[in-house]
Amino acid sequence: MDRLTGSGWGASPFPPIADYGFLSDCQTCALVAPSGSVEWLCLPRFDSPSVFGAILDRGAGMFRLGPDGVAVPAARRYLPGTMVLETSWGAPGGWIIVRDVLLIGPWHHEDERAYTRRRAPTDYDADHVLLRMVRCVNGEVQVNLDCEPRFDYGRFVARWDYVGPGYHEAVARTGDAEIELRLTTNMRVGFEGPRATARTLMKERDTLFVALSWSEHPAPRVYEEAYERLVWTAHHWQHWLDHGDFPDHPWRAFLQRSALTLKGLSYEPTGALVAAATTSLPEAPGGERNWDYRYAWIRDATFMLWGLYTLGFDREANDFFYFLAELAEAEEGRLQIMYGIGGEAELPERTLDHLSGYEGARPVRVGNDAYKQDQHDVWGAILDSFYLHTKTRDQLPERIWPILVKQVESALTSWREPDRGIWEIRGEPKHFTSSKLMCWVAADRGARLAEIRGELEHAARWQSSADEIRADIYAHALDDRGVFCQHYGTTALDASVLLMPLVRFLPPDDERIRNTVFAIADELTVDGLVLRYRSEETDDGLSDEEGTFTICSFWLVSALAEIGEVDRARDLCEKLLSYASPLQLYAEEIDTRSGRHLGNFPQAFTHLALINAVMHVIRAEQGVETGVFPPPLEPSRPRADA
């Protein structure tokens, strides 16, 4: 099988990662290939086993609906302001349009409680239905349906049975899976072993629908009902987006699509944010850097809250905040770096050796053993989220204060110790600069919040600790050029130190900050895009290389805007936006030789960093303060070294 090389991609049965469409109902998601095949769907949650897993193995289950004999569509787009994917097909003899959506409807649970829910119920709820609709707009087109689920990550084939008197409804079961799939359609369905199939010749103005459901909520039974429910879902997304506050700017569409993607990656019952929709899409072609990202990382907290509050989505920000607060309260100070989307603490990692992997990249992993690692940035992330919430809401909830105290004290107890760092290295622990930085954030934000609350003894002690951490970073993390390096005792660069100007560790005009930003921009880039670090200089426990990290490239945009290099920030931002997928989505990394996306997809942190970078550039163009966070409520305190 040909794989990505320096000269580009060879023939492959796998679509490029960036070519997938992303659907969500805020409880699970689906990825749709350009061919019209659903190749990733996990039920009933984002982190459940897959029923369609062809993205990781061509035999692990798929669900195609499209024209016979044509695999490349004429065009694809989202209906504006929605998560409804529209694909236009030109086939010999005619044209059809397919619309795919995970349905959302009015609130269902009037007479009972949804046992998974912790946040306040809204006026809407997932229908647990994947709906696919077809309309023939010209001529005649033969349309094929092929639905072959493979339960539990491709381990178990389906057994299909008819339901009712005709050929329009069928159920897929397997004795070893809890999920049962119901297929409802106005096509006539037959079975070929584990596959449900249908073939229909469509003529101009003919319509078809196919609904796949997996709960007690009924699927639409006729086309007219299916159309009404699609429209309801589309209007739901548009109404949600209308509550946002987006600048009137040419980059507005990127902000809106990123907002919709983040909402789509949110697990609505708890408020958690999954880092990405997938597992084991490789960071290096054919390599071993294949991780499960279907969990909630604490470090996403600051950027998630900043992005949502900045764009006006206070409800979602508050839901995520209280998800974090519950975790911090339960852990009593010793936070893990990540949790399950229901708050689960144990995420044991295992490999699925029966799957070939995307483009042969193995192993395929589910679970993530990084949850066991010590990563000291978590306290800074959680304290910054408390700080942002307090500034936005003009109050610190009484319940949060004891949680806050435990988190700050945990940071101050541990900051002198080495850890695995923000990139979760699997080599030996180090004194990573970014980890010390985020412990400083924990102490600094804790002191600010203590001042707001009037806890002056705590404020003074924590500020003293923040000054001590700052002095330690000055003493051990700077090289001879005055550049902040990856960890103590090295001159290697690391993109995570770009967070320094964003969290206000030093003023943006400080020479050390400027030196660091320029060094990363000039020395830690490939074709202008930023690497996390150079793998030959970092013991990360892995052997293969990786692409440029899009998160880090967007951080560089924000950092350049912070230090006043607005033209350079704008140019890099334009370049990064040009790398967006055809549907304006981003994976984790970009291969600069080919422009292909690498890693899990779509990636929440990339879209969070995009929002931050774009808003930095827009604010800089408008002459507005470019800080990553709004001005603090309390007066700024002088630094100990001022």
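Everything below is about the structure shown above.
Residues numbered from 1 in each chain as written. Predicted model: local features only at pLDDT ≥ 70, side-chain atom pairs only at ≥ 80, totals over all residues. Heavy atoms only, no water.

Q: Where do I start with the overall build of the chain in this structure?
A: Along the backbone of the chain there are 14 helices and 27 strands. For the chain, whose C-alpha radius of gyration is 25 Å, the value lies close to the compact-globule estimate of 26 Å for 642 residues. The proportion of buried residues among the 642 residues of the chain is 64%. A fraction of 67% describes how many contacts in the chain between residues 6 or more apart in sequence connect residues 24 or more apart. Carbon and sulfur atoms make up 47% of the accessible area of the chain, which amounts to about 23,100 Å² in all. On the chain, the mean spot of the 65 positive side-chain charges and the mean spot of the 97 negative ones are 3 Å from each other. (Helix = DSSP H or I, 4+ residues; strand = E, 2+ residues; numbered from the N terminus. Rg over C-alpha atoms; globule rule 2.2 N^0.38 Å. Buried < 20%, exposed > 50% of the residue type's maximum accessible area, 1.4 Å probe, protein only. Contact = heavy atoms within 4.5 Å. Areas by Shrake-Rupley, 256 points an atom, 1.4 Å probe, with all protein chains shown as cover. Lys, Arg positive; Asp, Glu negative; His and termini not counted. Charge placed at Lys NZ, Arg CZ, Asp CG, Glu CD.)

Q: I'm lost on the packing of aromatic side chains in this one. Help?
A: Any aromatic ring pair is given by two values, namely how distant the centres are and how the planes are angled relative to each other. Taken as a whole, this structure holds 21 aromatic pairs when the rule is applied. The interplanar angle of 65° and the centroid separation of 5.1 Å between the aromatic rings of phenylalanine 14 and tyrosine 358 together place this pair among those described as edge-to-face. Of this pair, phenylalanine 14 sits in the segment before strand S1 (21-24) while tyrosine 358 sits in the loop between strand S21 (350-351) and strand S22 (365-366), and the two are 344 residues apart along the sequence. Between phenylalanine 554 and tyrosine 586 the ring centres are 5.8 Å apart and the planes differ by 80°, which places this aromatic pair in the edge-to-face class. Of this pair, phenylalanine 554 sits in helix H12 (residues 550-562) while tyrosine 586 is found in the loop between helix H13 (566-578) and strand S26 (589-590), placing the two residues 32 residues apart along the sequence. Of the two residues, phenylalanine 554 and tyrosine 586, both sit in the buried class. If you follow arginine 58 out to its NZ or CZ, it ends over the ring of phenylalanine 14, 4.9 Å from the centre. The side chain of arginine 64 reaches across the aromatic face of tryptophan 89, ending 5.7 Å from its centre. (Phe/Tyr/Trp six-rings, centres within 6.5 Å; stacked < 30°, edge-to-face > 60°. Lys NZ or Arg CZ within 6 Å of the ring centre and 35° of its normal.)

Q: Teacher, can you tell me more about unusual backbone geometry here?
A: Most peptide bonds are trans, and most residues other than glycine sit at a negative phi. In this structure, proline 363 follows arginine 362 across a cis peptide bond, with omega equal to 5°. Relative to the assigned elements, proline 363 resides in the loop between S21 and S22. Each neighbour pair has its own omega, and for phenylalanine 601 with proline 602 the value is -20°, a cis peptide bond. Turning to its location among the elements, proline 602 is positioned in the loop between strand S27 (597-598) and helix H14 (604-621). Unlike most non-glycine residues, arginine 205 shows phi in positive territory, near 75°. Taking relative accessible area as the criterion, arginine 205 reaches 69% and is therefore assigned exposed.

Q: Would you take a moment to explain the packing of H13 against H14 for this structure?
A: Two packed helices can be described by the angle between their axes and the distance between those axes. Interaxial distance between H13 and H14 falls to 10 Å at its minimum, and their mutual angle equals 140°. As far as their axial angle goes, H14 and H13 are oblique. The crossing of H13 and H14 is left-handed. Here Val566, Ala569, Arg570, Cys573 and Leu577 of H13 lie close against H14, whose contacting residues are Leu610, Val614, Val617, Ala620 and Glu621. Its residues placed into classes, the contact of H13 with H14 shows eight nonpolar, no polar and two charged. (Axes fitted to C-alpha atoms, helices over the stretch in contact; angles between N-to-C directions. Parallel < 35°, antiparallel > 145°, perpendicular 65-115°, else oblique. Left-handed = near helix turned anticlockwise from the far one by under 90°. Nonpolar A, V, L, I, M, F, W, Y, C, P; charged D, E, K, R; others polar.)

Q: Just to check I follow, could you spell out the nonpolar core for this structure?
A: Nonpolar side chains tend to gather and get buried jointly when the protein is soluble and globular. One finds Phe63, Phe505 and Trp555 to be the most contacted residues of the largest nonpolar core, which totals 210 residues. No other element matches the eleven residues that H14 contributes to this core. Among the nonpolar cores identified, the runner-up in size contains 14 residues, and Val84, Leu103, Phe209 and Ala211 belong to it. (Core = buried A, V, L, I, M, F, W, Y, C linked by side-chain atoms within 4.5 Å.)

Q: How should helix H3 (residues 252-264) be read in this particular structure?
A: Working note: α-helix, 3.6 residues per turn, so residues spaced by three or four point in the same direction. With 13 residues, H3 should cover 18 Å at 1.5 Å per step; its first-to-last C-alpha distance of 18 Å lies within 8% of that length. Within H3, eleven of the 13 residues are buried, which leaves the element mostly enclosed by the surrounding structure. Of all the residues in H3, the buried ones are Phe254, Leu255, Gln256, Arg257, Ser258, Ala259, Leu260, Thr261, Leu262, Lys263 and Gly264. (Expected span 1.5 Å × (residues − 1).)

Q: Is there a simple way to explain the sheet that holds S27 in this structure?
A: Strand order in the open sheet made by the three strands is S25-S26-S27, with antiparallel pairing throughout. Among the strands making up the open sheet, the edge pair consists of strand S25 (548-549) and S27. (Pairing = 2+ DSSP bridges.)

Q: Looking at this structure, how should I read the pattern of salt bridges?
A: This structure, assessed with the given rule, holds 39 salt bridges. Residues arginine 99 and glutamate 86 are paired through a salt bridge, measuring 2.8 Å at the closest nitrogen-oxygen approach. Taken together, the residues span a long stretch of sequence, with arginine 99 in strand S8 (residues 94-106) and glutamate 86 in strand S7 (residues 85-91) at a distance of 13 residues. Its relative accessible area of 23% is what places arginine 99 among the partly exposed residues. Residue arginine 481 pairs with glutamate 523 through a salt bridge whose shortest N-O separation is 2.6 Å. Of this pair, arginine 481 sits in the loop between helix H9 (456-477) and helix H10 (499-502) while glutamate 523 sits in helix H11 (residues 511-523), placing them 42 residues apart in sequence. Overall, arginine 481 belongs to the partly exposed group, its relative accessible area being 43%. The exposure class of glutamate 523 is partly exposed, given its relative accessible area of 36%. The structure contains a network of salt bridges with shared partners spanning Asp146, Glu148, Arg150 and Arg195. (Salt bridge = Lys/Arg side-chain N within 4 Å of Asp/Glu carboxyl O.)

Q: Just checking my understanding: could you explain the pairing of strand S3 (residues 37-42) for this structure?
A: Consecutive side chains along a regular strand alternate between the two faces of the sheet. Most of S3 is tucked away: six of the six residues are buried. As judged from the three bridges shared by strand S2 (residues 29-32) and S3, these two strands associate in the antiparallel manner. In the strand pairing of S3, valine 32 is matched with valine 38. Connecting the antiparallel pair S2 and S3 is a turn made up of four residues, with glycine 36 showing a positive phi of about 90°. By the bridge criterion, two bridges tie S3 to strand S5 (residues 62-67) in an arrangement that is antiparallel. Looking at the pairing, valine 38 lines up with phenylalanine 63 of S5. Across two bridges, S3 lies against strand S4 (residues 50-52) in antiparallel orientation. Looking at S4, one finds that leucine 41 is bridged to phenylalanine 52.

Q: What should I look at first to understand helix H2 (residues 223-242) in this one?
A: The terminal C-alpha atoms of H2 lie 28 Å apart, and with 20 residues this matches the ideal 28 Å at 1.5 Å per residue to within 8%. The set of residues buried in H2 consists of Tyr223, Ala226, Arg229, Leu230, Thr233, Ala234, His236, Trp237, Trp240 and Leu241. Projected onto a plane normal to the axis of H2, the buried residues spread over an arc of 150° and lie on a single side. Along H2, the residues that are exposed and aim more than 90 degrees away from the buried face are Glu224, Glu228 and Asp242. Its buried side turned inward, H2 meets S1, S8, strand S9 (124-148), strand S16 (207-213), H3 and helix H5 (314-331). (Arc of directions from axis to C-beta.)

Q: Honestly, the environment of arginine 188 in this entry has me stumped. Any pointers?
A: Tracing the sequence through the fold places arginine 188 in the loop between strand S13 (181-185) and strand S14 (190-192). Along the chain, arginine 188 and arginine 199 lie eleven residues apart, while their C-alpha atoms are 7.5 Å from each other. Excluding residues within four positions of it along the chain, arginine 188 makes contact with Tyr167, His168, Thr197 and Ala198.

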